[in-house]
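One letter stands for each residue in the lines below.
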Amino acid sequence: MIELHYYPSNASFAPHILLEEMGVPFTLRQVDRDNNEHKSPAYLKLNPNGLIPTLVDGDLVLYETAAILMHLADCHPGFAPAPGTPERAQYYKWMVWLTNTLQAMLIHYFYPDRMASDAAEVKARAEARIAPMLDQMDAELARHGGDWFLGEHYTAVDPLAFMLCGWTRTQANPAKTRPALGAYLKRVFERPATQRAVAREKLPDPVY
C-alpha cells in the first residue's frame, strides 16, 4: 500500500492529486507540522531533509515532489509520454523547470528570512522574478492550444504546475490572471480528482 506523508497545501498536494487521478489504493499520513513532527527523529529517518512530502511504496522511501510524481507516472502508465520520444523530453524539461526554477523562487518568496536579513526586499525581488516565469507558462499554453500543460494529454506535470501556480494566489499578479494559464488552472481545478484532493485536505478557497 502506498502511503503519502503530507500536510495540507504543502508540496505534497501535487502527488496527492496524481494519486487521486490514478485511482490506486493509497493512504494519507498527515504530518503534524505545527508541532514540528517533520523534524522528529522518526520522520528524519524517512526524509533526512525534514521536508514534506515523503512517499512510502513498499520498501521504497522516496522524497522530492518531482521525483515522487515521476515514479508514480512510471509505475502507473498513462501519465507520461513514452520514453525516448520528443514528448518525453519536453515532459522532463517542464518537470525540472517547475521544481528547480519556479518552485525554488517561490520558496524565496515564502521564506525570505532564510536568504537575508532584509526579508521584505527578498520577497519583493522573488515576486518580481516569478512574474515572467508565469508569463512563460501562459505563452506555452497559448502556443500549443491544448487543454493540458503538455498539450492534448493530462500528465504528471499538471498537478505540479497547478500546485505551484496556486501558491501565487496571494501575489499582486497571480497565475490565474493570465488568460491561457487562468483557463488551464480552472480546468485542472474542476477535475474530479483535484476536487477529491481539495476536499480530503479541507483546503479553503481560493485554492488557486
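This one's a predicted model, so the numbers in the text were calculated from it and none came from an experiment. (Residues numbered from 1 in each chain as written. Predicted model: local features only at pLDDT ≥ 70, side-chain atom pairs only at ≥ 80, totals over all residues. Heavy atoms only, no water.)

K.L.:
What is the right way to read the overall build of the protein from this model?
P.N.:
In terms of helices and strands, the protein carries 8 helices and 4 strands. For the protein, the α and β elements follow one another from N to C terminus as β-α-β-α-β-β-α-α-α-α-α-α. What you see for the protein is a C-alpha radius of gyration of 17 Å, in line with the 17 Å of a compact globule of 208 residues. On the principal axes, the C-alpha backbone points of the protein span a range of 45 × 45 × 35 Å. Burial status across the protein gives 49% buried among its 208 residues. Within the protein, residue pairs in contact and separated by at least 24 positions form 63% of the contacts whose partners lie at least 6 positions apart. Carbon and sulfur atoms provide 54% of the accessible area of the protein, an area that totals close to 10,100 Å². (Helix = DSSP H or I, 4+ residues; strand = E, 2+ residues; numbered from the N terminus. Rg over C-alpha atoms; globule rule 2.2 N^0.38 Å. Buried < 20%, exposed > 50% of the residue type's maximum accessible area, 1.4 Å probe, protein only. Contact = heavy atoms within 4.5 Å. Areas by Shrake-Rupley, 256 points an atom, 1.4 Å probe, with all protein chains shown as cover.)

K.L.:
Looking at this model, I keep getting lost on the side chain of Thr 155. Mind explaining?
P.N.:
Inspection of the secondary structure assignment puts Thr 155 in the loop between helix H5 (119–144) and helix H6 (157–166). Judged by its relative accessible area of 4%, Thr 155 is buried. If sequence neighbours within four positions are ignored, Thr 155 has contacts with Phe 79, Pro 81, Tyr 91 and Leu 150.

K.L.:
When you look at the pairing of strand S3 (residues 54–57) in this model, what are you seeing that I'm missing?
P.N.:
Working note: regular strand, side chains alternate between the two faces of the sheet. Where strand S1 (residues 2–6) meets S3, 4 bridges bridge the pair, whose relative direction is antiparallel. Of the residues in S3, the one forming a bridge with His 5 is Thr 54. Pairing between S3 and strand S4 (residues 60–63): 4 bridges, direction antiparallel. Looking at the pairing, Leu 55 lines up with Leu 62 of S4. (Pairing = 2+ DSSP bridges.)

K.L.:
Just checking my understanding: could you explain the sheet that holds strand S2 (residues 26–30) for this structure?
P.N.:
Either a parallel or an antiparallel arrangement is found when strands of a sheet pair, and the pairing is made through backbone hydrogen bonds. Strand order in the open sheet formed by 4 strands is S2-S1-S3-S4, and the pairing between neighbours is mixed. At either end of the open sheet lies a strand with only one pairing partner, and these are S2 and S4. Strand-to-strand, the axes of this sheet are offset by a mean angle of 20°, without reference to chain direction. Pairing of S1 with S2, which is carried by 5 bridges, proceeds in the parallel orientation. Residue pairing in the sheet places Leu 4 in a bridge with Leu 28 of S2. (Axes fitted to C-alpha atoms, helices over the stretch in contact; angles between N-to-C directions.)

K.L.:
Would you mind going over the packing of aromatic side chains with me for this structure?
P.N.:
For any two aromatic rings, the description comes down to two numbers: the centre-to-centre distance and the angle of the planes. Here the structure, examined in full by the defined rule, presents 11 aromatic pairs. Through successive ring pairs, a cluster of aromatic residues spans Phe 13, Phe 162, Phe 189 and Tyr 208. Seen from the ring of Tyr 109, Lys 123 lies directly overhead, with NZ or CZ sitting 4.8 Å from the centre. Above the face of the Tyr 154 ring, Arg 191 is positioned so that its terminal group lies 3.9 Å from the ring centre. (Phe/Tyr/Trp six-rings, centres within 6.5 Å; stacked < 30°, edge-to-face > 60°. Lys NZ or Arg CZ within 6 Å of the ring centre and 35° of its normal.)

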